[in-house]
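Descriptive analysis of the structure
Below, each chain spelled out in residue letters.
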Amino acid sequence: MTETRSPETPSFLTAVRRIEALTQEIQRDGLAAFEKAEAAYVEVQELRAVLNARIAELRRRTA
């Protein structure tokens, strides 16, 4: 099974690691850096959507 994605779409593992890093930043900076935290949260949501789409595709392939 080969994974097809556009060059700007991160790999599954990269996306998970980025979500972890962003979550740590949000927890560390809290409201002191609200705009940064807000942008990080938006990125996390986008990455989660990518991961959910990949998981759904894998489930369709194996069904």
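Everything in this summary refers to the structure shown in the same document. Everything numeric in this text was worked out from a predicted model, so none of it was measured. (Residues numbered from 1 in each chain as written. Predicted model: local features only at pLDDT ≥ 70, side-chain atom pairs only at ≥ 80, totals over all residues. Heavy atoms only, no water.)

Attention shifts here to the overall build of the protein. Of the regular secondary structure elements, the protein holds 2 helices and 0 strands. Long-range pairs, those at least 24 residues apart, make up 64% of the contacts in the protein between residues at least 6 apart in sequence. For the protein, the exposed area adds up to about 5,000 Å²; of that, 56% sits on carbon and sulfur atoms. (Helix = DSSP H or I, 4+ residues; strand = E, 2+ residues; numbered from the N terminus. Contact = heavy atoms within 4.5 Å. Areas by Shrake-Rupley, 256 points an atom, 1.4 Å probe, with all protein chains shown as cover.)

The next point concerns the nonpolar core. One finds A15, I19, L22, A40, V44, L47 and L51 forming the largest nonpolar core, which totals 7 residues. Elements that contribute at least two residues to this core include exactly α1 (12-29) and α2 (34-62). If one sorts the elements of this core by residue count, α2 sits on top with 4 residues. The residues contacting L22, other than those within four sequence positions of it, are A40, E43, V44 and L47. (Core = buried A, V, L, I, M, F, W, Y, C linked by side-chain atoms within 4.5 Å. Buried < 20%, exposed > 50% of the residue type's maximum accessible area, 1.4 Å probe, protein only.)

Looking at the secondary structure, you find V50 in helix α2. Taking the relative accessible area as the measure of exposure, V50 reaches 25% and is therefore partly exposed. Sequence spacing of V50 and P10 is 40 residues, and the spatial spacing of their C-alpha atoms is 8.6 Å.

Our next topic: the packing of α1 against α2. For the pair α1 and α2, the least separation of the axes is 9 Å and the interaxial angle reads 155 degrees. Regarding the angle of α1 to α2, the classification is roughly antiparallel. The element α1 and its partner α2 pack so that their crossing is left-handed. Facing α1, whose interface residues are F12, A15, V16, R18, I19, L22, E25, I26, R28 and D29, α2 presents K36, A37, A40, Y41, E43, V44, L47, R48, L51, R54 and I55. (Axes fitted to C-alpha atoms, helices over the stretch in contact; angles between N-to-C directions. Parallel < 35°, antiparallel > 145°, perpendicular 65-115°, else oblique. Left-handed = near helix turned anticlockwise from the far one by under 90°.)

A few words now on the pattern of salt bridges. When the charged atoms of two side chains lie near each other, side chains of opposite charge can form a pair. One pass over the full model with this rule turns up 3 salt bridges. A salt bridge links R18 to E43, with the shortest nitrogen-to-oxygen separation between them at 3.0 Å. Taken together, the residues span a long stretch of sequence, with R18 in helix α1 and E43 in helix α2 at a distance of 25 residues. Residue classification places E43 among the partly exposed positions, given a relative accessible area of 27%. Residue R60 pairs with E57 through a salt bridge whose shortest N-O separation is 2.9 Å. Here R60 pairs with E57, and both are found in helix α2, just 3 residues apart, close to one helical turn. Ionic contacts of the salt-bridge type, sharing partners, join the residues E57, R60 and R61 into one network. (Salt bridge = Lys/Arg side-chain N within 4 Å of Asp/Glu carboxyl O.)

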